[in-house]
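Inside the fold
Listed below, chain by chain, are the residues.
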Amino acid sequence: MAVTPADVTTQPATEPRPAAPPAPEPTTPAVPGEHPNEAPRLTPVEVVPGRALYKEVLPGVLQVPADLLLAASRKSSLWPMTFGLACCAIEMIATYMSHYDLDRFGIVPWPSPRQSDVMIVAGTVTKKMAPAVKLLYEQMPNPKWVISMGACATNGGPYTRYDRVLQGVDKVIPVDVYVPGCPPRPEALMDAFLALQGMIMEERKAQGRA
Ligand code: SF4
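Since we're looking at a predicted model, the values are computed, not measured. Counting restarts for each chain: residues are numbered from 1 in the order of the written sequence. Local features in a predicted model are, by the rule used here, given only for residues with pLDDT of at least 70; side-chain atom pairs are given and counted only at 80 or more, and totals for whole chains, interfaces and linings are based on all residues.

1. Looking at the overall build of the protein chain
Numbering goes from the N terminus for both helices and strands, where a helix is a DSSP run of H or I of at least four residues and a strand is a run of E of at least two. Of regular secondary structure, the protein chain possesses seven helices and four strands. Start at the N end of the protein chain and walk to the C end: the helices and strands fall as α-α-α-β-α-β-α-β-α-β-α. We call a residue exposed when 12 or fewer other C-beta atoms sit within 10 Å of its C-beta, buried when the count reaches 20 or more, and partly exposed for counts in between; the C-beta positions come from the backbone. Counting the 210 residues in the protein chain, one finds 22% classified as buried. We call two residues in contact when the distance between their C-beta atoms, placed using the backbone, is within 7 Å. Contacts in the protein chain between residues far apart in sequence, at least 24 positions, make up 77% of those at least 6 positions apart.

So, in structure tokens, the structure goes:
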């Protein structure tokens with residue numbers, strides 16, 4: 001029996017798949033367009049293995065030791081107690097005035113030992129006054145520092161032969177910075193404050209990194 005072409009069943013050829021329809025356009029952009037300057041910050045970050053994620057997410061964040069922050073805060077907010085003993089106190093008062101402007105260093109005079117952290121011994125320390133100086137020092141909270149201003153406070157100055165004058169305030173309280181002069185100029189007292197600020201940062205290195 002003859003086979004006609006009509007009897008042959010042929011498989012249809014494989015047709016190519018229809019192309020996927022194009023993705024719809026997002027109605028809202030991933031980054032809001034009203035703040036173009038913030039676009040780099042708002043763009044989703046790519047996680048890079050080995051790098052801290054918070055540095056990717058918050059690139060403006062600083063990572064610093066806490067003791068560095070404490071030392072920088074202390075040295076930038078020194079509050080010297082306002083009290084004077086003799087003529088050096090006049091120079092100390094002049095240093096607080098607007099011409100020298102100690103406020104720009106964060107140094108603010110404070111009329112109480114309870115919140116002060118710097119004592120400026122400005123003037124002659126008599127043996128009668130020494131217990132009061134020591135009491136004021138002990139009323140100050142820690143950490144605290146002492147500046148011995150002038151020759152009298154440092155070693156008796158012109159009164160080294162006077163039995164009623166203490167031969168240096170460091171006989172009763174610890175002194176951190178000595179300011180020479182009779183009397184020292186306001187610039188010298190400012191220099192003492194700058195030296196004290198440097199000392200506070202150095203102490204942080206010695207104590208915080210041990
Ligand atoms: S050092 Fe000179 S200026 Fe200062 S208290 Fe003594 S005598 Fe006065």
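2. Thoughts on the pairing of strand 3 (residues 145–149)
Counting buried positions along strand 3 gives five out of five residues, so the element sits mostly inside the fold. Both faces of strand 3 are covered, namely the face carrying Trp145, Ile147 and Met149 and the face carrying Val146 and Ser148. By the bridge criterion, five bridges tie strand 2 (residues 118–122) to strand 3 in an arrangement that is parallel. Bridge pairing in strand 3 places methionine 119 opposite valine 146. Of the strand pairs in this sheet, strand 3 and strand 4 (residues 177–179) are connected by three bridges, and their pairing is parallel. Paired with methionine 149 across the two strands is valine 179, which belongs to strand 4. Throughout, right-handed denotes a crossover for which the path from the first strand over the helix to the second runs clockwise when the strands point away from the viewer. One crossover worth recording links strand 3 to the parallel strand 4 by way of helix 6 (residues 150–155), and it is right-handed. Whether two strands pair comes down to DSSP finding at least two bridges between them.

3. Considerations on the environment of leucine 85
Assignment of secondary structure puts leucine 85 in the loop between strand 1 (80–81) and helix 4 (88–96). Expressed as a C-alpha distance, the spacing of leucine 85 and isoleucine 120, which sit 35 residues apart in the sequence, is 9.9 Å.

4. A word on the site of the ligand
Around the ligand, the neighbouring residues are Ala86, Cys87, Cys88, Gly123, Thr124, Gly150, Ala151, Cys152, Gly157, Pro158, Cys182 and Pro183. Examining the composition of the shell around the ligand, we find that three residues originate from one element, helix 6, more than from any other. Class assignment for the residues of the shell around the ligand results in eight nonpolar, four polar and no charged. We call a residue near a molecule or strand when its C-beta atom, built from the backbone, sits within 6 Å of it. In this classification, the charged set is Asp, Glu, Lys and Arg, the nonpolar set is Ala, Val, Leu, Ile, Met, Phe, Trp, Tyr, Cys and Pro, and all remaining amino acids, among them Gly, are polar.

5. Some details on the environment of tyrosine 96
Tracing the backbone through its elements, the reader meets tyrosine 96 in helix 4. In this structure the C-alpha to C-alpha distance between tyrosine 96 and methionine 190, which are 94 residues apart in sequence, comes to 9.7 Å. In contact with tyrosine 96, not counting residues within four places along its chain, are Leu102 and Pro109.

6. Overview of the environment of leucine 78
As for its placement among the helices and strands, leucine 78 is situated in the loop between helix 3 (66–75) and strand 1. Residue classification places leucine 78 among the buried residues on the basis of 21 C-beta atoms within 10 Å. Taking the C-alpha atoms as reference, leucine 78 lies 6.6 Å from valine 118; in sequence the two are 40 residues apart. Not counting residues up to four positions away in its chain, the partners in contact with leucine 78 are Gly106, Ile107, Asp117, Val118 and Phe193.

All we've got here are geometric facts, nothing functional implied.
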